[in-house]
Amino acid sequence: MVDYSIQNKKAWEYNAYEFWVKQSGEPEDRAKRDLENPIGMLKRFADYFDAYRGVKIANICGSCGKKAVPLAVLGADVTVFDISEDNKKYALEVAAAAKVHLSFEVCDILDINIEKYGNYFDVVFMEGGVLHYFHDINEFMSIMYNLVKDGGKMICSDFHPFTKISDILSLEQPTMNYFGTEIFEGEMAHARFWEDHIRAQMPKCSYRKYTLSEIINSVINTGFTLKRFDEHPAWTNENVPGEFTIEAIK
């Protein structure tokens, strides 16, 4: 595990379980919503899946299972890879309440066991702000490529690089030179939802934000064939981009 991953792990295990209960409800309540409308819980990402039943999906940085459990409800064989034991605890409790199986590997994404999982998955899927946790996007994309079977796909959705120069998503992270390559420390994603005295104690994450060309070129240079690139409006302002989704084929 690289040093900055250790730092990020500390941040993502600080009150994380309590946060998910506060944000998403008790596991039983969350499971009920997942069972009632799994497609709805996937939101726009349902448009990128060709099938669910029996499909092997790697959910990268899958956090509390907010997309993994609905995918499992739909019949997919889902393995979550995430750095946080707290996230695993909440995700598996939701899965148990929903009576679905969910595999969960707590690890640094850069240390995924390729001997075990190489060329194993039909789909590699990530969403909700993942790329900025990795200092070398080409190394990260190479691992994604190795996880997918020939003919399989990667669905990569993330914050739009426009957020480098504008806090358009109200994430309360610093803005910077769009073309800057610096690594910086910042609050983890949930810090802004806590009271000030808790927020002040929360460990910081180590970030590296990328330009749009860096992201697209890393996908292409790794060996994927870019099939689709979509930009999505910011949830705070529909007139500017806030997120994007890439669909790429191996």
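Preceding this paragraph is the structure being described.
Conventions used here
Residues numbered from 1 in each chain as written. Predicted model: local features only at pLDDT ≥ 70, side-chain atom pairs only at ≥ 80, totals over all residues. Heavy atoms only, no water. Axes fitted to C-alpha atoms, helices over the stretch in contact; angles between N-to-C directions. Helix = DSSP H or I, 4+ residues; strand = E, 2+ residues; numbered from the N terminus. Parallel < 35°, antiparallel > 145°, perpendicular 65-115°, else oblique. Left-handed = near helix turned anticlockwise from the far one by under 90°. Contact = heavy atoms within 4.5 Å. Nonpolar A, V, L, I, M, F, W, Y, C, P; charged D, E, K, R; others polar. Buried < 20%, exposed > 50% of the residue type's maximum accessible area, 1.4 Å probe, protein only. Arc of directions from axis to C-beta. Polar contact = N/O pair within 3.5 Å; in protein donor to acceptor, adjacent residues only side chain to side chain. Pairing = 2+ DSSP bridges. 1 Å grid on protein atoms, 1.4 Å probe; cavity = no way out; pocket = protein on both sides within 12 Å on 5 of 7 lines; lining within 4 Å. Points joined across faces, edges and corners; volume = space filled by probe spheres on them.

Caption draft 1: Just the packing of helix H3 (residues 27-36) against helix H6 (residues 85-98), in detail. At a closest axis distance of 8 Å, the pairing of H3 and H6 adopts a crossing angle of 60°. Put simply, H3 runs oblique to H6. With respect to the hand of their crossing, H3 and H6 are arranged in right-handed fashion. Seen from H3, the contacting residues are Pro 27, Glu 28, Arg 30, Ala 31, Asp 34 and Leu 35; seen from H6, they are Tyr 90, Glu 93, Val 94, Ala 97 and Ala 98. Among the residues forming the contact of H3 with H6, the class breakdown is seven nonpolar, no polar and four charged.

Caption draft 2: Quick peek at helix H8 (residues 137-147). Within the sequence span of H8, burial applies to Ile 137, Phe 140, Met 141, Ile 143, Met 144 and Leu 147. Down the axis of H8, the sector holding all buried residues measures 155°, keeping them to one side. Those residues of H8 hidden inside the fold are in contact with strand E1 (56-60), helix H7 (114-117), strand E4 (121-126), strand E5 (148-159) and helix H10 (212-222). Structurally, the start of H8 carries an N-cap: the backbone nitrogen of Asn 138 is 3.1 Å from a side-chain oxygen of Asp 136.

Caption draft 3: Region of the structure containing the sheet that holds E4. Here seven strands make up an open sheet; going across it, the order is E3-E2-E1-E4-E5-E9-E8 and the pairing mixed. One side of each edge strand has no neighbouring strand; the edge strands of this open sheet are strand E3 (103-106) and strand E8 (225-233). On average, each strand axis in the sheet is inclined to that of its neighbour by 15°, with strand direction left out of account. As defined by bridge partners, E4 adjoins E5 across five bridges and the pair is classed as parallel. Each residue of the ladder has a partner; that of Phe 125, found in E5, is Ile 155. Where H8 meets the sheet, its contacts fall on E1, E4 and E5, and the angle it forms with E5 comes to roughly 140°.

Caption draft 4: Region of the structure containing empty space enclosed by the protein. Tallied over the entire structure, the rule returns two cavities of 30 Å³ or more. Here the largest cavity defines a volume of roughly 120 Å³. If you go around the largest cavity, you meet 13 residues; those closest to its centre are His 132, Asp 158, Phe 159, Lys 209 and Tyr 210. Classifying every residue of the lining of the largest cavity gives six nonpolar, four polar and three charged. What the second largest cavity holds in volume is close to 40 Å³. Lining of the second largest cavity is provided by Thr 163, Ser 166, Asp 167, Ile 168, Leu 169, Ser 170, Leu 171, Gln 173, Pro 174 and Lys 209. Considered class by class, the residues forming the lining of the second largest cavity number four nonpolar, four polar and two charged.

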